[in-house]
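Chain by chain, the residues:
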Amino acid sequence: MRGMSEQPILVAGGGIGGLATALGLARKGFNVCVLERASAFGEIGAGIQLGPNAFHAFDALGVGDAARRMAVYIEQLRLMDAVNGEEICHIPLDERFRKRFGNPYAVVHRGDLHGVLLQGCRDSSRIELRVRSEVLSYEQDGSRIRVQLATGDTVDGAGLVGADGLWSKVRQQVLGDGPPRVSGHTTYRSVIPTERMPEELRWNAATLWAGPKCHVVHYPLSDWRVFNLVATFHSDAPDPVAGMPVSLDTVLDGFRHTHEYVQNIIRHGSDWKMWVLCDRDPVDRWTEGRVVLLGDAAHPMLQYFAQGACMALEDAVCLAECAEASDGDVERAFVDYNRQRVLRTTRLQLQSREIGQHIYHPAGAHAALRDALLRQKTDEDWFDALQWLYGGPKQSRPFGN
Ligand SMILES: Cc1cc2nc3c(=O)[nH]c(=O)nc-3n(C[C@H](O)[C@H](O)[C@H](O)COP(=O)(O)OP(=O)(O)OC[C@H]3O[C@@H](n4cnc5c(N)ncnc54)[C@H](O)[C@@H]3O)c2cc1C
């Protein structure tokens, strides 16, 4: 591939996955052209949690210091009972955690994270960033790829990375497997100034209130200036929705059975917006010749492990390493990357559904069993259980014990 580096690698989509891919490839000496559908590069104004594995990836992409500067370092992952208001358990994110996994756990504003990646791309002479460039389709002839844009233009490259998210057009051509699966879970998001968050709940934690068929997550962001609120409810909604404004009453309707604390948090939210969550069953093939999928386009998952973006970052690092190792062979690089990434992301797609069912949303005896099992865990038990994930993909036991 290096011999062909006159021809850029095309990346469809300039989200977290696409920009990280561009950075990774450029650092290995490849020219890259990012084709973004929107009229400007950006992210929605909500928060995101980043496990230590995301910071391993930031370091490999050369933006570790910038990423660390914008993060809020929470002290716990805290699980609360949304019905009786009591703590079920927590995972400490202290020095022992950081030492064990080699990096911290943090929460960041999506815009800040995207901004760090975007700046890294803008600083690279190898990366061309193009907006208003929706990718519709591609054709390939064994030596190059030609992408058709919605504008009518075409763009040529040595390969195409489909990082165009949940509704990926590139995926439709590679796999043709139809629309994503609508989970029937509805998520509502709001970001509020810290002074509006009830004072007794301004914890330095990513807190999750787990209740029957619903849960609420909150954590501080942006140097504690705001709190990120996310409320999720099994609404059995049949159709996908993204970012639709909804009233406070609509949000509260899913949480009338929860503790006053939880309802109070929701009442303090404003400008609530709604998403109906989608994912897909895992597939083992993400490539077609000189085309490959990455991030949500390849392995969309429910957000319950807070790992979708972390996986896109890891994908980007792996793809860049495979490109460097492939000695001029784009197709081989893409197949190697696919092989190295598919089991880890498959596990997260499947286990994200599982933890939704068994940890976040159970009721009655099912919830009591959850409490009993989680309460008996020591800090070391938690760290051992999370080693496969937070330790990153390059371990002697990448899938744990
Ligand atoms: C409620 C919620 C909470 C979450 N919380 C977390 C969390 O705490 N931690 C975590 O790691 N993950 C989290 N995630 C998952 C995370 O947001 C996604 O996995 C991640 O953003 C995927 O990045 P991506 O770049 O693959 O796709 P996207 O972010 O969807 O980016 C795709 C980009 O491609 C562009 N595009 C789309 N179609 C085209 C086209 N045809 N041509 C050109 N451009 C196109 C889009 O405009 C966009 O810029 C959460 C998700 C949700 C829904």
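Note that the coordinates shown come from a computational prediction; the quantities given were computed from them, not determined experimentally. (Residues numbered from 1 in each chain as written. Predicted model: local features only at pLDDT ≥ 70, side-chain atom pairs only at ≥ 80, totals over all residues. Heavy atoms only, no water.)

Caption draft 1: Examining the packing of helix 1 (residues 16–27) against helix 2 (residues 52–61) more closely. Between helix 1 and helix 2, the shortest axis-to-axis distance is 9 Å and the interhelical angle comes to 45°. Classified by the interaxial angle, the pair formed by helix 1 and helix 2 is oblique. For the pair helix 1 and helix 2, contact is made by Ala20, Leu23, Gly24 and Arg27 and by Asp59, Ala60 and Leu61, respectively. Taken together, the residues of the contact of helix 1 with helix 2 sort by class into 4 nonpolar, 1 polar and 2 charged. (Axes fitted to C-alpha atoms, helices over the stretch in contact; angles between N-to-C directions. Helix = DSSP H or I, 4+ residues; strand = E, 2+ residues; numbered from the N terminus. Parallel < 35°, antiparallel > 145°, perpendicular 65-115°, else oblique. Contact = heavy atoms within 4.5 Å. Nonpolar A, V, L, I, M, F, W, Y, C, P; charged D, E, K, R; others polar.)

Caption draft 2: Structural view of the nonpolar core. Judged by nonpolar contacts, the single largest core of 68 residues is most densely connected at Leu50, Phe58, Leu160, Val170 and Leu313. The biggest single contributor to this core is helix 9 (residues 308–325), with 9 residues. Beyond its immediate stretch of four places on either side in the chain, Phe58 contacts Leu50, Val63, Gly64, Ala67, Leu113 and Leu313. (Core = buried A, V, L, I, M, F, W, Y, C linked by side-chain atoms within 4.5 Å. Buried < 20%, exposed > 50% of the residue type's maximum accessible area, 1.4 Å probe, protein only.)

Caption draft 3: Structural view of the sheet that holds strand 13 (residues 205–211). As summarised here, the arrangement of the 8 strands in space is 5-4-13-14-15-12-17-16, forming an open sheet in which the pairing is mixed. Each edge of the sheet is formed by a strand with only one pairing partner; in this case those strands are strand 5 (87–92) and strand 16 (242–245). Looking at each pair of strands side by side, their axes are set apart by 20° on average, direction ignored. With 6 bridges connecting them, strand 12 (residues 181–193) and strand 17 (residues 273–279) associate as antiparallel partners. The residue bridging Val182 from the neighbouring strand is Cys278, located in strand 17. Contacting strand 12, strand 13, strand 14 (214–221) and strand 15 (226–234), helix 8 (residues 260–268) runs over the sheet at an angle of about 55° to strand 14. (Pairing = 2+ DSSP bridges.)

Caption draft 4: Structural view of the packing of helix 9 against helix 10 (residues 330–360). Two numbers describe how helix 9 lies on helix 10: the axes approach to 8 Å, and their chain directions differ by 155°. Between helix 9 and helix 10, the angle is such that the two are roughly antiparallel. Crossing of helix 9 over helix 10 shows right-handed handedness. Along the contact surface, helix 9 presents Met311, Glu314, Asp315, Cys318, Leu319, Cys322, Ala323 and Ala325, while helix 10 presents Arg332, Ala333, Phe334, Asp336, Tyr337, Gln340, Arg341, Arg344, Thr345 and Leu348. Grouping the constituent residues of the contact of helix 9 with helix 10 by class yields 10 nonpolar, 2 polar and 6 charged. (Left-handed = near helix turned anticlockwise from the far one by under 90°.)

Caption draft 5: Quick peek at the pattern of salt bridges. Scanning the entire structure with this criterion turns up 26 salt bridges. Between Arg78 and Glu87 there is a salt bridge; the shortest N-O distance is 2.6 Å. Its relative accessible area of 27% is what places Glu87 among the partly exposed residues. Among the ionic contacts, a cluster of salt bridges with common partners joins Arg181, Asp279, Asp281 and Arg353. (Salt bridge = Lys/Arg side-chain N within 4 Å of Asp/Glu carboxyl O.)

Caption draft 6: Quick peek at the environment of Asp94. By secondary structure assignment, the location of Asp94 is in the loop between strand 5 and helix 4 (95–101). Residue Asp94 is classed as partly exposed on the basis of its relative accessible area, which comes to 29%. Residues Asp94 and Ala163, spaced 69 residues apart in sequence, show a C-alpha to C-alpha distance of 34 Å. Among all residues touching Asp94, those that are not within four sequence positions of it are Glu75 and Phe383.

Caption draft 7: Highlighting the site of the ligand. Looking at the ligand, there are 29 residues lining it, with Gly17, Glu36, Gln49, Arg110 and Asp296 nearest. Contact between the ligand and Ile16: an oxygen atom at 3.4 Å from a main-chain N or O atom of the residue. With respect to the ligand, the backbone of Ala306 contributes an N or O atom lying 3.1 Å from a nitrogen atom. When the ligand is considered free in solution it has 1000 Å² of accessible area, and contact with the protein chains removes 87% of it. Breaking the shell around the ligand down by element, the ones donating at least two residues are helix 1, strand 3 (47–50), strand 12 and helix 9. Its residues placed into classes, the shell around the ligand shows 8 nonpolar, 12 polar and 9 charged. (Near = heavy atom within 4 Å. Polar contact = N/O pair within 3.5 Å; in protein donor to acceptor, adjacent residues only side chain to side chain. Areas by Shrake-Rupley, 256 points an atom, 1.4 Å probe, with all protein chains shown as cover.)

Caption draft 8: Highlighting the sheet that holds strand 9 (residues 145–149). Taking strand neighbours across the sheet as the criterion, the 3 strands line up as 8-9-10 in an open arrangement whose pairing is antiparallel. The open sheet is flanked by strand 8 (135–140) and strand 10 (154–157), the only strands paired with a single partner. Ignoring strand direction, the axes of neighbouring strands in this sheet form an average angle of 25°. Bridging between strand 9 and strand 10 involves 4 bridges; their strand directions are antiparallel. When the sheet's bridge partners are listed, Gln148 is paired in strand 10 with Thr154.

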